[in-house]
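Remarks on the overall topology
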Amino acid sequence: MELIAITGGIGSGKSVVAGIVKVMGFEVYDCDSRARELMTKSDQVRKQLIEAFGNETYLDDGSLNRQHLSAVAFADKQALARLNAIVHPATAQDMLRWAREQADHGAKAAFVETALLRTAALDRLVDNVWHVTAPDEVRINRVIARNNFTAQQVKDRMAAQVAEDEVAPGEHVIVNDNLNALLPQISQLINHL
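Okay, so let's go over this structure.

Analysis parameters
Residues numbered from 1 in each chain as written. Predicted model: local features only at pLDDT ≥ 70, side-chain atom pairs only at ≥ 80, totals over all residues. Heavy atoms only, no water. Pairing = 2+ DSSP bridges. Helix = DSSP H or I, 4+ residues; strand = E, 2+ residues; numbered from the N terminus. Axes fitted to C-alpha atoms, helices over the stretch in contact; angles between N-to-C directions. Phe/Tyr/Trp six-rings, centres within 6.5 Å; stacked < 30°, edge-to-face > 60°. Buried < 20%, exposed > 50% of the residue type's maximum accessible area, 1.4 Å probe, protein only. Lys NZ or Arg CZ within 6 Å of the ring centre and 35° of its normal. Polar contact = N/O pair within 3.5 Å; in protein donor to acceptor, adjacent residues only side chain to side chain. Contact = heavy atoms within 4.5 Å. Salt bridge = Lys/Arg side-chain N within 4 Å of Asp/Glu carboxyl O.

A word on the sheet that holds strand β4 (residues 128-133)
Here we have 5 strands laid out as an open sheet, ordered β2-β3-β1-β4-β5, and parallel in their pairing. Edge positions in the sheet fall to β2 (28-30) and β5 (172-175), since each has one partner strand and no second. Direction aside, neighbouring strands of the sheet carry axes that sit 25 degrees apart on average. Pairing of β2 with strand β3 (residues 109-114) involves 3 bridges; the strand directions are parallel. Within the sheet, the bridge partner assigned to valine 28 lies in β3 and is phenylalanine 111.

Here's what the structure looks like:
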């Protein structure tokens, strides 16, 4: 089975590409949602997060205090590194378990949607990479509309992911600039599986 990463910076449109791939009948592992689930449901991850960021990491109902965690992690590079050192290995392990299940079910290919391909060292675990790109202004406007962030908040997140925006040799580029149609680009890549 071929394991393919769909990656790109915030607002690039990787979720749109992943949604199209799902409609085409492929399974997609969403690293962001699975990481959030692991932060809530994994006792080991919860314990490590509380040790690193305090009891306020979780709300009284046991749910993740995303506002607190985001404020701490995106304000301090060392705090972000601590967060990543806890969450990324747990997510990678969960993704590999999921990929084995897909292979056991006879999947020809499966996809992993991730914003942090290199930061989380997932690039070493996949067979191929589809890199979704868009101009910065388009990305900023998408995230402002989607998340009600300020332009500066989006730029801060983009700066934190700067290494992820670079397309590495051998990666397939999908241009999502609101001018080039996505479906033909995706179909062409699917046809080469």
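Structural notes on the packing of aromatic side chains
This model, assessed by the stated rule, comprises 3 aromatic pairs. A ring pair is formed by phenylalanine 26 and phenylalanine 111, whose centres lie 5.4 Å apart and whose planes are at 80 degrees; its orientation type is edge-to-face. Here phenylalanine 26, found in the loop between α1 (14-23) and β2, pairs with phenylalanine 111, found in strand β3; they are 85 residues apart in sequence, far enough to count as distant. On the basis of relative accessible area, phenylalanine 26 is assigned to the buried category, the value being 17%. Given a relative accessible area of 0%, phenylalanine 111 falls into the buried group. Ring pairs connect the aromatic residues Phe26, Phe111 and Trp130, which therefore count as one cluster. The ring centre of tyrosine 58 lies 4.0 Å from the NZ or CZ of arginine 46, which sits over that ring.

Let's talk about the side chain of arginine 139
Take arginine 139: it is sitting in helix α6 (residues 136-147). In terms of polar contacts, arginine 139 uses its side chain to reach the side chain of aspartate 165, at 3.3 Å. The contacts of arginine 139, once residues within four sequence positions are left out, are Gly9, Ile10, Gly11, Ser12, Ala134, Met158 and Asp165.

Some thoughts on the pattern of salt bridges
Taken as a whole and assessed by the stated rule, the structure comprises 9 salt bridges. Note that glutamate 171 is salt-bridged to arginine 118, the shortest N-O span being 2.8 Å. With a gap of 53 residues between them, glutamate 171 in the loop between α8 (162-165) and β5 and arginine 118 in the loop between β3 and β4 connect regions that are remote in the sequence.

Section: the pairing of β4
Among the 6 residues in β4, 5 count as buried, and that is most of the element. In this structure, strand β1 (residues 2-7) lies alongside β4, joined through 4 bridges in parallel fashion. Paired with threonine 7 across the bridge in β4 is histidine 131. Two strands pair when backbone bridges link them, and β4 and β5 are joined in this way by 4 bridges, in the parallel orientation.

Focus on the environment of glutamine 185
Within the secondary structure, glutamine 185 sits in helix α9 (residues 182-191). Note: C-alpha distance between glutamine 185 and valine 175 (10 residues apart in sequence) is 8.1 Å. Among residues more than four places away in sequence, those in contact with glutamine 185 are Val173, Ile174, Val175 and Asn180. A distance of 2.9 Å separates the side chain of glutamine 185 from the backbone oxygen of alanine 181, its partner in a polar contact.

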